[in-house]
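Now for the letters of each chain:
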Amino acid sequence: MTETGPAVTGRRADGSAGDADYGRIGQGYAAYRQPEPAIAALIEAALGPAGSILNVGAGAGSYEPRGRAVTAVEPSASMRGQRPAELSAAIDATAEALPFADRSFDAGMATFTVHQWRDLEAGLREMRRVTRGPVVILSCDPQLVQDFWLNDYAPEVLATEARRYPSLAHLGAELGGSVEIKAVPIPLACRDGFNEAYYGRPECLLDAGARAACSAWSFVGEDENAASLDRLRRDLESGDWDARHGALRRQPHYAGSLSLLVARP
C-alpha cells in the first residue's frame, strides 16, 4: 500500500518544526557549518551504491552527496535559503510527515537533526517507510557529550545537548534491521563548526556566529552564556586552558561523542 505521513502542526514563523528556532539563530549557519570532507567520505561510504537518496532535516545541504539524485527535506525557510546554488531546492516538509510514497528512495540520511525533531519515533518510522535501503544518521552519543572540556566552562550548554540527543541504541531499535554504530574521528581543522569541532581551537567559541551555529547555546540564558565565555576567555589569556588542554592544539583527531549510525533493512 502507498501512503504518506500524517500532517504536523506547531511550526514556527520561518517553518522550523523542532525545538530550535532557525528563523532566529540560523541566519549565518552555512558560513560556519561547512561539510567536513573526512566526515562526508564516511557518510558516502555508508550510503553505498544508492542512486536516489532522501536527506531529512537537510538544513543548508551539508553532506549531500554530489553526483547522485538527492531529495532534500527542510522545514526552515531560513535554512532552505542558505543552500548552495548547485544543490536542488529543498522541499518544505517535516520528518514526521514525509510527502513520499512507500519505498521511494534507495537510501535515507539525516545529519545533526534527529535531536531536534518534534516526534522522533514518528520521524524514524517515516524514514524507514520511504526508504528501501540503508538509513544513515550522523548524531552524537549523549553519554559522551559532557566528557568534552567545554563542560568546564559551559556546563549547561552541554547538559542541554546531552538531554536533546537521543540514545544511539534507541535510534537503532526504532529503525530496526541490521544496525552498525561507528565513532567518527573529528579532524583538528574540521570545517563543520559543531562544538567538538573546536576541540583544539578554543578561541573559535568566542565568536558569536560560531555559537549561534550550535543550537544548544540558544537554550541557555544570555547571562549564563556570558559567564561561560568570561571563564573561557580568562583561562585562554592566563594560559590555564593550555596548561590543561594545550596538547589538543596539536592532536590530529579527537574521539568525542560524534557517531555514525547505519541501519540496513
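By the naming in an unreviewed UniProt entry, the protein chain goes by Methyltransferase domain-containing protein and is assigned to Bosea thiooxidans.

## Some points on empty space enclosed by the protein
A probe matching the size of a water molecule, rolled over the atoms, marks out where space remains unfilled. Taken as a whole, this structure holds two cavities of 30 Å³ or more when the rule is applied. What the second largest cavity holds in volume is close to 220 Å³. As for the second largest cavity, its lining consists of 21 residues, and the residues nearest its centre are Phe112, Glu161, Tyr165, Phe194 and Asn195. A total of three residues in the lining of the second largest cavity trace back to one element, the largest contributor, which is helix H6 (residues 155-164). Class assignment of the residues belonging to the lining of the second largest cavity gives a composition of 12 nonpolar, five polar and four charged.

## A closer look at unusual backbone geometry
Phi at Tyr63 takes a positive value of approximately 75 degrees, unusual for a residue other than glycine. Considering the arrangement of structural elements, one finds Tyr63 in the loop between strand S1 (52-56) and strand S2 (69-73). A relative accessible area of 4% means that Tyr63 is categorised as buried. Backbone geometry places Phe112, a non-glycine residue, at a positive phi of 50 degrees. Note on placement: Phe112 falls in the loop between strand S3 (107-111) and helix H5 (120-130).

Conventions and cut-offs
- Residues numbered from 1 in each chain as written.
- Predicted model: local features only at pLDDT ≥ 70, side-chain atom pairs only at ≥ 80, totals over all residues.
- Heavy atoms only, no water.
- 1 Å grid on protein atoms, 1.4 Å probe; cavity = no way out; pocket = protein on both sides within 12 Å on 5 of 7 lines; lining within 4 Å.
- Points joined across faces, edges and corners; volume = space filled by probe spheres on them.
- Helix = DSSP H or I, 4+ residues; strand = E, 2+ residues; numbered from the N terminus.
- Nonpolar A, V, L, I, M, F, W, Y, C, P; charged D, E, K, R; others polar.
- Buried < 20%, exposed > 50% of the residue type's maximum accessible area, 1.4 Å probe, protein only.

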